[in-house]
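Breakdown of the fold
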Amino acid sequence: MNTAYIIGIAVILSIVLALLGIALIMIDILRSHKEEDKEEGEERREERKSGVGGVVLIGPVPIIFGNDPSIIKWAIVLTIVIVVLFVILTLLPGIL
């Protein structure tokens, strides 16, 4: 396999994942507006809880933040998966 081919796959995969993230954000916004329109005439019986979180990778050092423990756990798991994929894609040209 050619190194340029693997880099091309990694670039396409990163673009697809970024577009998927944008699409998921747009779907969430549309769903929340639809629920607000439906509940507009009714009393709000329960307070909506939302959580935020994220990961910043500076070299090999991950900085994980969030306001909900479950979101932080998912961020840790996803960070491990992404780092493992990065290591595999980095070592793949040497293996092939």
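The paragraphs below set out a description of the structure included in this document. (Residues numbered from 1 in each chain as written. Predicted model: local features only at pLDDT ≥ 70, side-chain atom pairs only at ≥ 80, totals over all residues. Heavy atoms only, no water.)

1. Let's talk about the overall build of the protein
- Helix and strand counts for the protein stand at two helices and two strands.
- Seen in sequence order, the protein has helices and strands lined up from the N terminus as α-β-β-α.
- Considering the protein as a whole, with its 96 residues, one finds that 5% of them fall into the buried category.
- In the protein, the proportion of contacts linking residues at least 24 apart, taken out of those at least 6 apart, comes to 18%.
- Accessible area of the protein: about 8,500 Å², with a carbon and sulfur share of 70%. (Helix = DSSP H or I, 4+ residues; strand = E, 2+ residues; numbered from the N terminus. Buried < 20%, exposed > 50% of the residue type's maximum accessible area, 1.4 Å probe, protein only. Contact = heavy atoms within 4.5 Å. Areas by Shrake-Rupley, 256 points an atom, 1.4 Å probe, with all protein chains shown as cover.)

2. Remarks on the pairing of strand β2 (residues 61-66)
- Of the strand pairs in this sheet, strand β1 (residues 53-58) and β2 are connected by six bridges, and their pairing is antiparallel. If you follow V56 over to β2, its bridge partner there is I63.
- Between β1 and β2, which pair antiparallel one after the other, the connecting turn spans two residues, and G59 there sits at a positive phi close to 65 degrees. (Pairing = 2+ DSSP bridges.)

3. A look at the side chain of D68
- With respect to the element layout, D68 can be found in the loop between β2 and α2 (69-95).
- D68 gets classed as buried once you look at its relative accessible area, which sits at 17%.
- One polar contact links D68 to S70, side chain to side chain, over a distance of 3.1 Å. (Polar contact = N/O pair within 3.5 Å; in protein donor to acceptor, adjacent residues only side chain to side chain.)

4. Things to note about the environment of I63
- The residue I63 is located in strand β2 in this model.
- Since its relative accessible area comes to 40%, I63 is described here as partly exposed.
- Through-space distance from the C-alpha of I63 to that of I76 is 9.7 Å; in sequence the pair is 13 residues apart.
- Once residues lying within four places of it in the same chain are set aside, the contact partners of I63 are G54, V55, V56 and I58.

5. Let's talk about the side chain of T79
- Note on placement: T79 falls in helix α2.
- When its relative accessible area of 8% is taken as the criterion, T79 is described as buried.
- At 2.6 Å, the side chain of T79 forms a polar contact with the backbone oxygen of A75.
- Other than its neighbours up to four places away in sequence, T79 contacts V55, L57, P62 and I64.

6. Quick notes on the layout of surface pockets
- The space that makes up the largest pocket amounts to roughly 350 Å³.
- As for the largest pocket, its lining consists of G51, V52, G53, G54, V55, I71, W74, A75, L78, T79 and I82.
- Elements with a contribution of two residues or more to the lining of the largest pocket: β1 and α2.
- With six residues, α2 is the largest single contributor of residues to the lining of the largest pocket.
- Per-class residue counts for the lining of the largest pocket are seven nonpolar, four polar and no charged.
- The calculated volume of the second largest pocket comes to roughly 290 Å³.
- In terms of lining, the second largest pocket is formed by A10, L13, S14, L17, I82, L85, F86 and L89.
- Contributions of two or more residues to the lining of the second largest pocket are made by α1 (3-38) and α2.
- Residue composition of the lining of the second largest pocket, grouped by class: seven nonpolar, one polar and no charged. (1 Å grid on protein atoms, 1.4 Å probe; cavity = no way out; pocket = protein on both sides within 12 Å on 5 of 7 lines; lining within 4 Å. Points joined across faces, edges and corners; volume = space filled by probe spheres on them. Nonpolar A, V, L, I, M, F, W, Y, C, P; charged D, E, K, R; others polar.)

Any link to function would need more than the numbers given here.
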